[in-house]
Amino acid sequence: MIIIERVLSGLIVGLIFGFLLQRGRFCFNSAFRDIILFKDTMIVKAIWVAVVIEMVGFALLTDLGVIFPYPRGFYWGANMLGGFVFGVGMVIAGGCISGATYRAGEGMVGSMLALVGIAVGGSITIGYWLAPFKDQLQAATKIELLGQAPTIPALLGVNHWLIIAPVAVVSLFLALKVYRRTGPTRVALLGAGWPWWLSGICLGLVATMSYPAVEMVGGTYPLGMTGGYIGLLATIVSLDTRYVGWEVAMVVAAIIGSGIAAVLAREWRIRVPRGRLLAQSLLGGLMMGVGAVLGDGCNIATVLIGVPLLSIGSMTAALFTVLGCWTTAYLMFR
Amino acid sequence: MSYSVDEVLDVQGEICPYPDIKTRKKLKQMKPDQILKVIVDYPLSLERIPRNVRAEGHKVLKVERINGPVHEIYIQVAGEKH
């Protein structure tokens, strides 16, 4: 049975999220990889702005009693291995999960194949032949703190503002400094990609608001995309609508939202890479699917939601995603 | 204004970041002051290539929209090799 309000909430958030992904070029693979490959920090600056806004936003909403966040657990072995495999996969596929989503919306067939790979890789790890390995590794390396998922403030036994306030103040200072140095950019909302500060602020606000949006309809964790693609595949294979929830609606709407942005910006085009690159996209997607389920989060669930919640598990997975990305980018492109 | 182009690089349909990598490689093989035309249909590379070749000392002469996301970037190789 389809629960209408869940689907509607997922569709609305997904449309806005997808639109922003395309306008801000939010590919976490490009963001991390370009630091070492081109010394280019345009996208990583936007992600940093978004993450700091969410840190403050989530803490504020929690203190006001609006949301009751569930940071993801800490399974050090699974977080490290899963994160690393995800990081390797996104370089091979030429895009992370949000990157593949917005480029599929732009008409890139390689990215569509990467999404298929993510759904298949995620499915075999969540419920089929890789599931026993995932369960054992997560159980064997699971660390809890008083029966809960460990976060930085819980580990240190301090109020979360003691961590968040200094990070926010230093970030604001640095962001203003960089903004002054690069100067105000002319912004065309439907022209080229948005400047880092604009896309970062918008993504941070939307991601923050996605938390109450998902909780309002009974969810516990917003914007995670792997579950959405796994559910979408399950729906198509089984023709059973019970998999259609917030996440499935959100990822489908995100592809449509980025498609709308691409059409309006005159950036939409069906693009088909040559055969070897198609195979590469599929293989990278498979690795991302496996890595995301094993490490308990794709780049969106870990970097965009888990890191601002100060989850130690998500931070570990995010760190190893970056390490996997840098290692592979160095081997493939240097 | 049209330029006398020495080399043409078509990177349409490539996945990220091959358009950028191939452009950089091509520019390294070319002689100082030669002109390269890159045909690209990938929006992120369209923004990133001019930014990064400028940082490497080359000159971006012109970026021209052909059709939708398809653009031609004209790059002049740096006067002396970096």
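It should be noted that the structure appears before, not after, this text.
What comes next concerns the included structure. None of these values were measured; they are calculated from a predicted model.

### Notes on the overall build of chain B
Here comes step 1: Along the backbone of chain B there are two helices and four strands.
Here comes step 2: Taking 82 residues into account, the globule formula puts the C-alpha radius of gyration at 12 Å, and chain B, at 12 Å, falls close to it.
Here comes step 3: Counting only C-alpha atoms and orienting by the principal axes, one finds that chain B spans roughly 35 × 30 × 20 Å.
Here comes step 4: The burial tally for chain B puts 32% of its 82 residues in the buried class.

### Some details on the overall build of chain A
Here comes step 1: The number of helices and strands found in chain A is 15 helices and two strands.
Here comes step 2: Reported as C-alpha extents along the three principal axes, the dimensions of chain A are approximately 50 × 50 × 45 Å.
Here comes step 3: Considering chain A as a whole, with its 334 residues, one finds that 58% of them fall into the buried category.
Here comes step 4: Summarising the internal contacts of chain A: among those between residues at least 6 apart in sequence, 81% fall at separations of at least 24.

### Side note on the interface of chain A and chain B
Here comes step 1: Facing 21 residues of chain A, the contacting portion of chain B comprises 16 residues.
Here comes step 2: Of all the secondary-structure elements, those providing two or more residues to the side of chain A that touches chain B are α2 (28-37) and α13 (275-294) of chain A.
Here comes step 3: Here the side of chain A that touches chain B gets three residues from one element, more than from any other, and that element is α2(A).

### A closer look at helix α5 (residues 97-106) of chain A
Here comes step 1: Counting buried residues along α5(A), 10 of its 10 residues qualify, which places the element largely inside the surrounding structure.
Here comes step 2: What α5(A) keeps buried is the set A:Ile97, A:Ser98, A:Gly99, A:Ala100, A:Thr101, A:Tyr102, A:Arg103, A:Ala104, A:Gly105 and A:Glu106.

### Topic: the environment of A:Phe32
Residue and element names in this part refer to chain A.
Here comes step 1: Residue position: Phe-32 is located in helix α2.
Here comes step 2: Spatially, the C-alpha atoms of Phe-32 and Trp-194 are 18 Å apart, while their sequence positions differ by 162 residues.
Here comes step 3: When sequence neighbours within four positions are dropped, the list of residues in contact with Phe-32 reads Val-44, Val-322, Cys-325 and Trp-326.

### Side note on the nonpolar core
Here comes step 1: Counting 110 residues, the largest nonpolar core has A:Ala50, A:Leu115, A:Tyr229, A:Val251 and A:Met288 as the members making the most contacts within it.
Here comes step 2: Among the elements that take part in this core, helix α3 (residues 42-63) of chain A stands out by supplying 12 residues, more than any other.
Here comes step 3: Excluding residues within four positions of it along the chain, A:Met288 makes contact with A:Phe86, A:Gly89, A:Met90, A:Ala93, A:Ile97, A:Gly117, A:Ile118, A:Gly121 and A:Cys298.
Here comes step 4: The next biggest cluster of nonpolar side chains, apart from the first, holds 15 residues, and it includes B:Ile15, B:Cys16, B:Leu44 and B:Val77.

### Describing the sheet that holds strand β3 (residues 59-67) of chain B
All names here are of chain B.
Here comes step 1: Strand order across the open sheet formed by four strands is β1-β2-β4-β3, with mixed pairing between neighbours. Each edge of the open sheet is held by one strand with a lone partner, namely β1 (7-10) and β3. Strand after strand, the sheet turns through a mean of 15 degrees between neighbouring axes, direction not considered.
Here comes step 2: Note: β1 against strand β2 (residues 35-40), four bridges, orientation parallel. Across the sheet, residue Val-8 finds its bridge partner in β2, namely Lys-37.

### Quick look at the packing of helix α6 (residues 109-126) of chain A against α13(A)
All names here are of chain A.
Here comes step 1: Running from N to C, α6 and α13 cross one another at 35 degrees; their axes reach a closest spacing of 6 Å. Note that α6 runs across α13; the crossing there is right-handed.
Here comes step 2: Of the residues belonging to the contact of α6 with α13, the class tally is 19 nonpolar, 10 polar and no charged.

### Brief notes about the environment of A:Lys45
Residue and element names in this part refer to chain A.
Here comes step 1: Among the structural elements, Lys-45 can be located in helix α3.
Here comes step 2: What makes Lys-45 buried here is the crowd of 20 C-beta atoms within 10 Å.
Here comes step 3: Each C-alpha atom of the pair Lys-45 and Ala-31 lies 8.3 Å from the other, and the pair is 14 residues apart in sequence.
Here comes step 4: In this structure, Lys-45 is in contact with Val-178, Trp-196 and Gly-200, ignoring residues within four places of it in sequence.

### Examining the environment of B:Pro43
Here comes step 1: Position of B:Pro43 among the secondary structure elements: in helix α2 (residues 43-55).
Here comes step 2: Sequence spacing of B:Pro43 and B:Val60 is 17 residues, and the spatial spacing of their C-alpha atoms is 17 Å.
Here comes step 3: When near neighbours in sequence (up to four residues on either side) are disregarded, B:Pro43 contacts A:Gly193, A:Glu267 and B:Pro69.

### Structural notes on the pairing of β2(B)
Residue and element names in this part refer to chain B.
Here comes step 1: Side chains Leu-36, Val-38 and Val-40 of β2 all project onto a buried face; the interleaved residues Ile-35, Lys-37 and Ile-39 project onto a face where none is buried.
Here comes step 2: Bridge count for β2 against strand β4 (residues 70-76) is six bridges, and the pairing is antiparallel. Note on β4: the bridge partner recorded for Val-38 is Ile-73.

### Quick word on helix α7 (residues 131-140) of chain A
Owing to its 3.6 residues per turn, the α-helix brings residues three or four apart onto one side.
All names here are of chain A.
Here comes step 1: Among the residues making up α7, those that are buried are Lys-134, Leu-137 and Gln-138. For α7, the angular spread of the buried residues around the axis is 95 degrees, confining them to a single face. Exposed residues on α7 whose side chains face more than 90 degrees from its buried face are Pro-132, Asp-135, Gln-136, Ala-139 and Ala-140.
Here comes step 2: In the core, the buried residues of α7 are packed alongside β1 (74-75), α4 (76-93), α6, β2 (142-143) and α13.

### Some remarks on the packing of α2(A) against α3(A)
Residue and element names in this part refer to chain A.
Here comes step 1: Two numbers describe how α2 lies on α3: the axes approach to 7 Å, and their chain directions differ by 120 degrees. As the angle between them shows, α2 and α3 are arranged oblique. Read as a crossing pair, α2 and α3 show a hand that is left-handed. When α2 is examined against α3, the residues Phe-28, Ser-30, Ala-31, Phe-32, Asp-34 and Ile-35 are found in contact with a partner set consisting of Ile-43, Val-44 and Ile-47.
Here comes step 2: Across the contact of α2 with α3, the residue classes break down as seven nonpolar, one polar and one charged.

How each quantity is defined
Residues numbered from 1 in each chain as written. Chains lettered and ligands numbered in written order. Predicted model: local features only at pLDDT ≥ 70, side-chain atom pairs only at ≥ 80, totals over all residues. Helix = DSSP H or I, 4+ residues; strand = E, 2+ residues; numbered from the N terminus. Rg over C-alpha atoms; globule rule 2.2 N^0.38 Å. Buried ≥ 20, exposed ≤ 12 C-beta atoms within 10 Å, placed from the backbone. Contact = placed C-beta atoms within 7 Å. Core = buried A, V, L, I, M, F, W, Y, C linked by C-beta atoms within 7 Å. Pairing = 2+ DSSP bridges. Axes fitted to C-alpha atoms, helices over the stretch in contact; angles between N-to-C directions. Left-handed = near helix turned anticlockwise from the far one by under 90°. Nonpolar A, V, L, I, M, F, W, Y, C, P; charged D, E, K, R; others polar. Arc of directions from axis to C-beta. Parallel < 35°, antiparallel > 145°, perpendicular 65-115°, else oblique.

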